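Coordinate analysis (summary)
Here is how the chains run, residue by residue.
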Amino acid sequence: GELAEGLPEGDALARRSSFYRTVALLLARGKTPRPPERLLLLGLGVDPPYTATAAMLKAIAGADVIFNNVMGDEMFEFLRALNPDVRAVNYHQDNDEERLAARMLKESAAGRRVAFVTRGNAIVYGPLGSLMLERAKTKGWRWRCEPSASSWEFIVGRQAPDPFAGRGMAVLDSRAAAAG
């Protein structure tokens, strides 16, 4: 893209420029509908936000509130570009699952569409995602867990001459898509 031209490959500004341009193109294809689920468990993969899938981006944009477990200014900047209501969740697997689940599910109980965003896979990462899933099922709420690319799929996507050669999940890597 124009902003990224002339910057060395791997430069942080070039990386951000191509990623946000790709996200903008994806979301410009039409109004982002609100997801029908009350609870969205979204694992952004091994290199968030760059390994987020298109379905995750749309879910984040359509949710009412995002609870973010991936710290850092870039992550908050990314999420706030998609959704104005982003709140930090500092989950450390330190017996804080009940407290954090109650905080997030309180929003779902009020009828809001809640997205929990974390690294990797929201269920595999730890007991918090599993606890919220159990609670949502008990209450009869619609829920969705968006899987992330595994480390293996990420490596194959980066190293294979044909990124679609593997038969796993297809991941939007904006650096490749924005390059044309």
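It should be noted that the structure appears before, not after, this text.
Residues numbered from 1 in each chain as written. Predicted model: local features only at pLDDT ≥ 70, side-chain atom pairs only at ≥ 80, totals over all residues. Heavy atoms only, no water.

**Topic: unusual backbone geometry**
Heads up, the rule is: By definition, any uninterrupted DSSP run of H or I lasting at least four residues is a helix, any uninterrupted run of E lasting at least two residues is a strand, and each is numbered from the N terminus. Burial classes: relative accessible area under 20% of the type maximum marks a residue as buried, over 50% as exposed, and values in between as partly exposed (1.4 Å probe, protein chains only).
A cis amide bond links P48 with the next residue in sequence, P49, at an omega value of 0°. Locating P49 in the fold gives a position in the loop between β1 (39–43) and α2 (54–62). Residue Q93 is not a glycine yet carries a positive backbone phi of 55°. Mapping Q93 onto the fold places it in the loop between β3 (86–88) and α4 (97–109). We classify Q93 as partly exposed; its relative accessible area is 43%. In the Ramachandran plot, N95 falls in the positive-phi region, its phi being about 60° despite a non-glycine side chain. Mapped onto the fold, N95 is located in the loop between β3 and α4.

**A word on α2**
The condition that has to hold: By definition, residues are in contact when any of their heavy atoms lie within 4.5 Å.
For α2, the complete set of buried residues consists of M56, L57, A59, I60 and G62. Against α1 (12–27), β1, β2 (65–68), α3 (73–82), β4 (114–118) and β5 (143–146) lie the buried residues of α2.

**Some thoughts on the pairing of β2**
Worth spelling out the cut-off: Should DSSP find at least two bridges between two strands, the strands are taken to pair. A right-handed crossover is one whose linking path, passing over the helix from the first strand to the second, runs clockwise when the strands point away from the viewer.
Residue alternation in β2 divides its side chains into two sets, V65 and F67 and I66 and N68, and both sets are buried. Sheet topology note: the β2/β4 ladder contains four bridges and is parallel. Bridge pairing in β4 places V65 opposite V114. Sheet topology places β2 next to β3; three bridges connect them, and they run parallel. Its bridge partner lying in β3, I66 is registered against V86. For the handedness criterion, the β-α-β arrangement of β2, α3 and β3 is classed as right-handed.

**Considerations on the environment of L42**
Positionally, L42 belongs in strand β1. Note on L42: relative accessible area 0%, which makes it buried. Between the C-alpha atom of L42 and that of N121, which follows or precedes it by 79 residues, the distance is 7.0 Å. With residues near it in sequence (within four places) discarded, L42 still touches M56, A59, I60, A115, F116, V117, T118, A122 and E146.

**A word on the pairing of β1**
Counting buried positions over the five residues of β1 gives five, a clear majority of the element. The alternating pattern of β1 places L39, L41 and G43 and L40 and L42 on opposite faces, both of which are buried. As judged from the five bridges shared by β1 and β4, these two strands associate in the parallel manner. Paired with L42 across the strands is V117, a residue of β4. Sheet topology places β1 next to β5; four bridges connect them, and they run parallel. Within the sheet, the bridge partner assigned to L40 lies in β5 and is R144.

**Focus on the pattern of salt bridges**
Put simply, the test is: The term salt bridge refers to a pairing of a side-chain nitrogen on Lys or Arg with a carboxyl oxygen on Asp or Glu at a separation within 4 Å.
Tallying each qualifying case throughout the model produces eight salt bridges. Linking E107 and R87 is a salt bridge whose minimum nitrogen-to-oxygen distance equals 3.0 Å. Placement of the pair is E107 in helix α4 and R87 in strand β3, with a sequence separation of 20 residues. With relative accessibility at 17%, the residue E107 sits in the buried group. As a salt-bridge pair, E107 and R112 come within 3.0 Å of each other at their nearest N and O atoms. The network of salt bridges with shared partners includes D85, R87, E107 and R112.

Nothing here speaks to function; it is all geometry.
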